[in-house]
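Fold and geometry: a report
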Amino acid sequence: MRNVCSRLFVLFGLFVLTPVWAAPQTVCERDDAGRQVCVGEVKRVVSLAPHATEILAFLGAESRLVGVDSASDFPLQMRQLPKLGDYLRVDLERLALMHPDLVVAWKSGITPDQLNTLANLGIPVFVSEPQSIQAVASNMKRLGHLLGLTASSDELADRWLASFDALAQSHRRQKPLRVFYQVWADPLMTLGGSHVVSQIIQMCGGTNVFKDLKTLAPTIGVEAVVQARPDVILSSGGTSDLDRLMAQWSRWTAVPAVARQHIAVVPQDILVRNGPRLLNAAQQVCTILDGYRSRAGVDSHG
């Protein structure tokens, strides 16, 4: 790391000598790590998280992206951009050679040493880790402000939030379905009530059967699921994941979700990336629950 830093300082000594606070029309926002991030004019952006890449594209800033992490694959044109590594390793030297005006990083995917290196190079880093629908909208607004897109980003974020409000309103009088969300089969893992997926389930007229668990992604036993008697079992993935999920639970016919075959998956990249496509995920979850509610003959105004 010391050798890398030395090379970076030689390459970018002039950049370091130009303090960020001296830039004209400086704009500042607080990121999700509680750090004050200040920028001048932002023309070149690096994103080190798929959800952040999608937020930037949603705001209309995709043309400013000059590099992304290896998992950023949406919108499709992001696949053509230079890849700078993953959450385990970021090529800081290559990143610095791109002369970004702003880096957007995932809080859980960047180390303090990496943050310090970028800070010492004078490269502003916005740390992003939204953990709720409202926090995603807040990220949209704060990043839009840093990009000089305050008016349009505020409008986009407000419209996006309004769509969730409309979904919630349309389901608020429906009798809740009990939903088990499976993250992983072995060990068996679910999501607690503080996770955004639990928020979406509730919005769609469901109740996460493990909403009272404080841990974000707790490990549980099969017996706990059987005793919870979910009406629906949800997970994320594709067709093969659905087949495995149905086979996994097929013997537990005392569980209403299994007996009625109310088992479904939602595409992983839209449900577990806390970005703009959470709205698509919510719409799909609502459609799934509405369909199962209708098939089960559940009173929609319980």
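We now turn to the structure provided with this report. In this text, all values refer to a predicted model and were calculated from it rather than measured experimentally.

Some remarks on the overall build of the protein chain
Each helix and strand counted, the protein chain has 13 helices and 10 strands in total. The buried share among the 302 residues of the protein chain stands at 47%. Intrachain contacts of the protein chain at a sequence separation of at least 6 include 62% that bridge at least 24 residues. Carbon and sulfur atoms form 53% of the exposed surface of the protein chain, whose accessible area is close to 14,700 Å².

What to know about the state of the cysteines
Scanning all chains against the criterion turns up two disulfides. Each sulfur of the disulfide joining Cys28 and Cys38 lies 2.0 Å from the other. Between Cys28 and Cys38, the S-S torsion sits near 110 degrees, and that sign places the bridge as right-handed. Residue Cys28 is found in strand E1 (residues 27-30), and its partner Cys38 is found in strand E2 (residues 36-39); the two are separated by 10 residues along the sequence.

A short note on the layout of surface pockets
Of the pockets and cavities examined, the largest pocket occupies roughly 1,200 Å³. Together, 38 residues line the largest pocket, and Val183, His195, Gln268, Val272 and Arg273 are the ones closest to its centre. Those elements giving two or more residues to the lining of the largest pocket turn out to be helix H3 (50-58), helix H8 (196-203), strand E9 (232-236), helix H10 (239-249) and helix H12 (268-271). For the lining of the largest pocket, the leading source of residues is H10, giving four residues. Of the residues in the lining of the largest pocket, the class split is 19 nonpolar, 11 polar and eight charged.

Topic: the sheet that holds strand E3 (residues 45-47)
Strands pair in a sheet through their backbones, by hydrogen bonds, and they do so in one of two ways: parallel or antiparallel. Overall, parallel pairing links the four strands, which are arranged E4-E3-E5-E6 in an open sheet. Of all strands in the sheet, those bounded by a partner on one side alone are strand E4 (65-68) and strand E6 (125-128). Neighbour to neighbour, the strand axes of the sheet diverge by 20 degrees on average, direction disregarded. Sheet topology note: the E3/E4 ladder contains three bridges and is parallel. Bridge pairing in E4 links Ser47 to Val68. This element, helix H6 (residues 133-146), spans strand E5 (102-106) and E6 of the sheet and lies at about 170 degrees to E6.

Quick look at the packing of aromatic side chains
Per the stated rule, a full pass over the model turns up three aromatic pairs. Aromatic side chains Trp160 and Phe164 sit 4.7 Å apart centroid to centroid with 75 degrees between the ring planes, which places their arrangement in the edge-to-face category. In this pair, Trp160 and Phe164 are both assigned in helix H7 (residues 150-171), four residues apart and thus about one turn of the helix distant. We classify Trp160 as buried; its relative accessible area is 3%. Taken together, the ring pairs in this structure connect Phe180, Phe210 and Trp249 into an aromatic cluster. When the ring centre of Trp252 is taken as origin, the NZ or CZ atom of Arg251, which lies over that ring, is 4.5 Å away. One Lys or Arg, Arg277, reaches over the ring of Phe74 and ends 3.7 Å from the middle of that ring.

Focus: the nonpolar core
Leu102, Val104, Leu147, Trp160, Phe164, Ile200 and Leu234 are the most contacted members of the largest nonpolar core, which totals 55 residues. Ranked by the residues each element gives to this core, the list is headed by helix H13 (residues 278-296), at nine residues. Each residue touching Phe164, except ones within four places of it in the same chain, is listed here: Ile133, Met203, Leu278, Leu279 and Ala282. Membership of the second largest hydrophobic core comes to 18 residues, among which are Val46, Val66, Leu95 and Leu115.

Description of the pairing of E1
Where E1 and E2 come together, four bridges link them in antiparallel fashion. In the strand pairing of E2, Glu29 is matched with Val37. Here E1 folds back onto E2, and the loop between the two strands holds five residues, one of which, Gly34, carries a positive phi near 80 degrees.

Considering a nonpolar patch on the surface
A cluster of nonpolar side chains, namely Tyr87, Leu88 and Trp106, defines an oily patch on the protein surface of about 360 Å² accessible area. With respect to the element layout, Trp106 can be found in strand E5.

Some remarks on the packing of H6 against H7
Direction vectors running N to C along H6 and H7 enclose 170 degrees, while the axes themselves pass 7 Å from each other. Comparing their axes, H7 and H6 come out roughly antiparallel. Across the interface between the two elements, Ile133, Gln134, Val136, Ala137, Met140, Lys141, Gly144 and His145 from H6 touch Thr150, Ser153, Asp154, Ala157, Asp158, Trp160, Leu161 and Phe164 from H7. Tallied by class, residues from the contact of H6 with H7 come to eight nonpolar, five polar and three charged.

Observations regarding the pattern of salt bridges
If the charged atoms of two oppositely charged side chains come close together, the side chains can form a pair. Inspection of every chain in the model, using the stated rule, returns 12 salt bridges. Residues Arg35 and Asp31 are paired through a salt bridge, measuring 2.5 Å at the closest nitrogen-oxygen approach. Given a relative accessible area of 28%, Arg35 falls into the partly exposed group. Arg293 is paired through a salt bridge with Asp290; the nearest N and O atoms lie 3.0 Å apart. With Arg293 and Asp290 both in helix H13 and three residues apart, this pair spans about one turn of that helix. The buried category is assigned to Arg293, whose relative accessible area is 3%. Assessed through its relative accessible area of 29%, Asp290 is described here as partly exposed. Beyond isolated ion pairs, a larger network of salt bridges with shared partners links Glu54, Asp73, Asp269, Arg273 and Arg277.

Reading guide: rules and limits
Residues numbered from 1 in each chain as written. Predicted model: local features only at pLDDT ≥ 70, side-chain atom pairs only at ≥ 80, totals over all residues. Heavy atoms only, no water. Helix = DSSP H or I, 4+ residues; strand = E, 2+ residues; numbered from the N terminus. Buried < 20%, exposed > 50% of the residue type's maximum accessible area, 1.4 Å probe, protein only. Contact = heavy atoms within 4.5 Å. Areas by Shrake-Rupley, 256 points an atom, 1.4 Å probe, with all protein chains shown as cover. Disulfide = S-S within 2.5 Å. 1 Å grid on protein atoms, 1.4 Å probe; cavity = no way out; pocket = protein on both sides within 12 Å on 5 of 7 lines; lining within 4 Å. Points joined across faces, edges and corners; volume = space filled by probe spheres on them. Nonpolar A, V, L, I, M, F, W, Y, C, P; charged D, E, K, R; others polar. Pairing = 2+ DSSP bridges. Axes fitted to C-alpha atoms, helices over the stretch in contact; angles between N-to-C directions. Phe/Tyr/Trp six-rings, centres within 6.5 Å; stacked < 30°, edge-to-face > 60°. Lys NZ or Arg CZ within 6 Å of the ring centre and 35° of its normal. Core = buried A, V, L, I, M, F, W, Y, C linked by side-chain atoms within 4.5 Å. Patch = residues over 30% accessible without salt bridge, like charges linked within 9 Å, V, L, I, M, F, W, Y side chains within 5 Å. Salt bridge = Lys/Arg side-chain N within 4 Å of Asp/Glu carboxyl O. Parallel < 35°, antiparallel > 145°, perpendicular 65-115°, else oblique.

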